[in-house]
Structures are given as C-alpha cells and as structure tokens.
Amino acid sequence: MKLVFAGTPDFAVPSLLAADARHEVVAVYTQPDRPAGRGRALTASPVKQMALERGLTVHQPERLKGAEVLDTLRALEPDLMIVVAYGLLLPQSVLDIPKYGCWNVHASLLPRWRGAAPIQRAIQAGDTETGVCLMQMEKGLDTGPVLLRQATPITPDDTGGSLHDRLAALGAQVLGDGLGLLRAGMQLGPAAQPDVGVTYAHKLDKAEARLDWTRPARELADTVRAFTPWPVAEADVAGERLRIHGASLAPLVHGRAPGSVLAAGRAGIVIACGEGALRLQRVQRAGGRAIDVADYLNARSDLRGAGA
C-alpha cells in the first residue's frame, strides 16, 4: 500500500514507525519548523526528525488547502492517510483523496475526550481508565466511526508524561493491527460513536496551572499529575511561588484556612485545602530546577517542623 503519514509531536513518532515498518510510507506531512528553546531557533518537529532519519519525503504546508497542496497530495496516489496529532484540520477535499480515506489515532476512548488534550484531561478529571481509538476520519472534530480500540488503566501514579508515553506505544500497536487487517483484505467494521458520553478535551492553557487552595485536595492532586511535565502546576506556598512537580493526598483532618502549612518535613509540605490536604513532594523555585521537598527545606528553615 501507499501510505501518507501526517503527525507532528513525540506522540506520533511510534505510529510513524509502525506505519513505515514495511517501507510503505511515500510521504510525511508535519507542521512547519517552529521557534523553540531559549534561542528561539527554528526547530524541526519530532516527526520530521524521524522521517528524515528514515529517508522519507517531508512536506510542511502551513495549511492543507489550495490547489498546489491538493495536487501534490493527489500525485502521491495514497491508498490511506494516517493522521496522529498533526495539529492541522483536514478539509473534506483532503479526506476524499486516499482510496481508503483517512485514519486517526486518538488518545482516548471516544466519544470521551474529543479534542486537543485528551491525555491530561482524563487524569485531571480523575478518570480511572483511558485508551486509544483508531478512527475513520470525517469532517467533524473526532466524530468519526471507531475501527479499533484498546483500553488501559490510569494508575494513581500516572502523570501526563507517563500516560503519554504508554498511549503513544499503544496507539502504534493499534495502528499496526489495523494496517495488518487492511493488508489482509479483511473488513474493519466501523462502529459509530454513541451520542451519550461526549466530552471535550480543550487545549491546555498555562493559566490553568495555578492551584487554588480553596479547591478539594483530590482535585488539586489530579491537576498536578495531569500537568506534569507540562505546563506544570504552580502555587503560593508560605509566601513563595513554587512550581509543583509532585504531590499526593495527605490523610489529615484540619480546620485551617486553605493555603495554610499544616506540616513540613522530609515526607513533604502539607497544605490545607478547601477539602482535605495536599502533600507537596517535589517543587521548583523561580530560576531553579525541580528538587525534592527535603532539599527545598534546607533553604526554608522557617518551615521545617511546622505543624497544625
């Protein structure tokens, strides 16, 4: 088969490798190089970097519109286009080009968490299960019928980073299964998504990372996990703004004002919340690096030994 692959971030790289396992990818589409790092130098996407390593042809249009862009895609005569976290909308004119249409690897159990940030939103909402879907694309946002799906639990220790990596690998596995069935001439029975249970995973915003101590501790713990490693939760702790890289629920009953320090020691800094308490375990000061709370307290002797 002739496959065209469209993707941009790290999440899409395992799927690119799965698609090209039999050297069938005739072209890779990825977003244009963007400024990155402190020097803001133009940087190729992870998908572009891997595509070039494998000697694949790369296209980087700003939009998938216009006669020239469509003519280039048609000239490839693709049997199938695979889309994984590409970041650009595919108009109907593109969806109609490949023989078997366009498949999308999506990091949720649709119809839950359609949209841009399904991994983080699942953790933030306290979900105990998520997964990946291989979806036949249509014009709507993640509304197409599901061809294959695979579930995985969300553990209490999962962060946005750990779940991202697991789902990226799972997505590549499901894509490989789908391609194997298609090559064998077997029908993948598309299952329409139900109308009930639809939720949207809106794009992450750094402004959401600020913890509000009046909220329940469980909600804040889930937010810390979801926003690790990006955008990283932050909060005011005893007069200092800290980024919070690790936290857990603290089984304490208190009658203190939200934001009060209930305890501080090697096990962590316990902060009163609107409901329950949160134990901070790994933090980052302005201009510093992420460190364990035990190391942070070496510079905050005023907090050491604090108690309710």
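As a starting point, this report considers the structure included with it. (Residues numbered from 1 in each chain as written. Predicted model: local features only at pLDDT ≥ 70, side-chain atom pairs only at ≥ 80, totals over all residues. Heavy atoms only, no water.)

1. Quick look at the side chain of Asp79
Note the following rule: Strands are runs of DSSP state E lasting at least 2 residues, helices are runs of H or I lasting at least 4, and numbering of each runs from the N terminus. Between two residues, a contact is recorded if the distance between any of their heavy atoms is within 4.5 Å.
Assignment of secondary structure puts Asp79 in the loop between helix 3 (67–75) and strand 6 (80–84). The contact partners of Asp79, leaving out residues within four places of it in the chain, are Met1, Lys2, Pro98, Lys99, Tyr100 and Gly101.

2. Quick look at the environment of Ala18
Selection criterion: In this scheme, a residue with accessible area under 20% of its type's maximum is buried, one over 50% is exposed, and one in between is partly exposed, where area comes from a 1.4 Å probe on protein chains only.
The topology assignment puts Ala18 in helix 1 (residues 13–19). What makes Ala18 buried here is its relative accessible area of 18%. For Ala18 and Ala172, which are 154 residues apart along the polypeptide, the C-alpha to C-alpha distance reads 5.8 Å.

3. Section: the state of the cysteines
Spelled out, the test is: The disulfide definition used here is simple: a pair of cysteine sulfur atoms within 2.5 Å.
Inspection of every chain in the model, using the stated rule, returns zero disulfides. Free cysteine Cys133: the closest other cysteine sulfur is in Cys102, separated by 17 Å.

4. Quick notes on the pairing of strand 16 (residues 277–284)
For clarity, the cut-off: For two strands to be treated as a pair, DSSP must find at least two bridges joining them.
Across the eight residues that make up strand 16, a large majority, six, are buried. Pairing between strand 13 (residues 240–250) and strand 16: seven bridges, direction antiparallel. Residue pairing across strands places Leu249 opposite Leu278, the latter belonging to strand 16. When strand 15 (residues 268–272) meets strand 16, the two strands line up antiparallel, connected through four bridges. Bridge assignment links Ile269 to a residue of strand 16, and that residue is Leu280.

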